[in-house]
Amino acid sequence: GAAPIQWAIINGDERAGVSVMRMEEGLDTGPVAALTALEVRDDDTAGKLASRLATSGADLLLDTLPSIINGTVRLTAQDEARATLAPLLKKEDGRLDFRQPARLVSARARGVDPWPGATASLDDGQLVKLFGARAWSAGGTPAAAQQSRGAAGALPGTILSIDEAGLHVSCGAGRIVFQELQLPGRKRMAAAAAAAGRAIAAGGRLG
């Protein structure tokens with residue numbers, strides 16, 4: 001499909017890869033000469049992962065070219081039963097649903113970065129862009145554990161707190177933290193800086 005890297009992240013795949021294949025009439029249906037895969041990291045955006053895969057794919061092609069040129073390459077037919085779709089992303093695919101578990105909200109936000117970008121609406125209807133999503137881990141410290149318990153009972157989308165780590169938002173299960181945000185007509189900035197300017201505050205909701 002048109003957006004395999006993006007959907008690999010959105011769907012929570014643990015690995016994503018590159019293959020050298022022979023083109024056929026069908027869409028991505030040709031036999032495969034070689035493939036390689038990388039681990040999808042917790043902080044990977046579609047842009048970051050694409051860059052890593054580009055380097056990996058270039059190396060794979062260099063390794064495979066000699067066998068293609070001398071005719072010794074071995075081609076393996078794809079198993080069509082295992083094919084998955086990765087359709088072209090639409091602008092609305094960037095809208096976050098905080099009713100989902102934090103890990104899924106994070107995966108969506110990272111999968112649509114840099115395009116169409118993760119978005120949510122503030123209480124006043126303003127559309128805010130969100131960056132640097134990570135599902136929150138308490139980290140074992142008493143202060144962090146207290147913050148983690150603070151998400152219990154909060155409605156999904158509630159802004160729990162804003163600190164140096166970012167914008168903490170309650171999800172259907174757990175919480176998510178966004179390092180940066182961008183309000184309409186303003187530049188992208190750290191969440192803490194936006195809070196200092198009173199552009200956004202704890203207690204509000206994103207939806």
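Values in this document were obtained by computation on a predicted structure and should not be read as measured data. (Residues numbered from 1 in each chain as written. Predicted model: local features only at pLDDT ≥ 70, side-chain atom pairs only at ≥ 80, totals over all residues. Heavy atoms only, no water.)

Caption draft 1: Just the overall build of the protein chain, in detail. When helices and strands are counted, the protein chain shows five helices and eight strands. Seen in sequence order, the protein chain has helices and strands lined up from the N terminus as α-β-β-α-α-β-β-α-β-β-β-β-α. For the protein chain, the C-alpha atoms occupy an extent of roughly 65 × 40 × 30 Å along the three principal directions. Counting over 207 residues, the protein chain shows a buried share of 35%. Partitioning the contacts of the protein chain with sequence separation of at least 6, the portion at a separation of at least 24 is 62%. (Helix = DSSP H or I, 4+ residues; strand = E, 2+ residues; numbered from the N terminus. Buried < 20%, exposed > 50% of the residue type's maximum accessible area, 1.4 Å probe, protein only. Contact = heavy atoms within 4.5 Å.)

Caption draft 2: Layout of the pairing of strand E3 (residues 118-121). By the alternation rule, side chains of E3 split into Ala-118 and Ala-120 and Thr-119 and Ser-121, which are all buried. As paired strands, E3 and strand E4 (residues 127-135) are joined by four bridges and run antiparallel to one another. In the strand pairing of E4, Ser-121 is matched with Leu-127. (Pairing = 2+ DSSP bridges.)

Caption draft 3: Region of the structure containing the packing of aromatic side chains. Under the definition given, this model contains one aromatic pair. Between the aromatic rings of Phe-98 and Phe-178, the centroid separation amounts to 6.3 Å while the plane-to-plane angle is 90°, which identifies the pairing as edge-to-face. Of the two residues, Phe-98 is situated in the loop between helix H2 (46-70) and helix H3 (102-111) and Phe-178 in strand E7 (residues 175-182); the sequence distance between them amounts to 80 residues. Both residues of the pair, Phe-98 and Phe-178, belong to the buried class. Across the ring face of Phe-131, the terminal group of Arg-188 is positioned such that the distance to the ring centre comes to 3.8 Å. (Phe/Tyr/Trp six-rings, centres within 6.5 Å; stacked < 30°, edge-to-face > 60°. Lys NZ or Arg CZ within 6 Å of the ring centre and 35° of its normal.)

Caption draft 4: Here's a closer look at the side chain of Ser-106. Examined against the element boundaries, Ser-106 turns out to sit in helix H3. Note on Ser-106: relative accessible area 3%, which makes it buried. Leaving out residues up to four positions away in the same chain, Ser-106 has contacts with Ala-133, Arg-134, Ala-135 and Ile-176.

Caption draft 5: Up close: the confidence of the model for the protein chain. Chain-level pLDDT for the protein chain is 91 on average; 93% of the residues reach the 70-or-more range. Of all secondary-structure elements in the protein chain, the lowest mean pLDDT belongs to helix H4 (residues 142-149), at 40, while E3 reaches the highest, 98. Residue range residues 139-150 is modelled with pLDDT below 50. Its contacts to residues more than four positions away, or to other chains, number 13 contacts. (pLDDT = per-residue confidence, 0-100.)

Caption draft 6: Highlighting the nonpolar core. Counting 30 residues, the largest nonpolar core has Phe-98, Leu-130, Leu-167, Phe-178, Leu-181 and Leu-206 as the members making the most contacts within it. Elements with a minimum of two residues in this core: helix H1 (4-10), H3, E3, E4, strand E6 (166-170), E7 and helix H5 (191-196). Beyond its immediate stretch of four places on either side in the chain, Leu-206 contacts Phe-98, Ala-120, Ser-121, Leu-122, Val-128, Leu-130, Pro-156, Gly-157, Ile-159, Leu-167 and Val-169. (Core = buried A, V, L, I, M, F, W, Y, C linked by side-chain atoms within 4.5 Å.)

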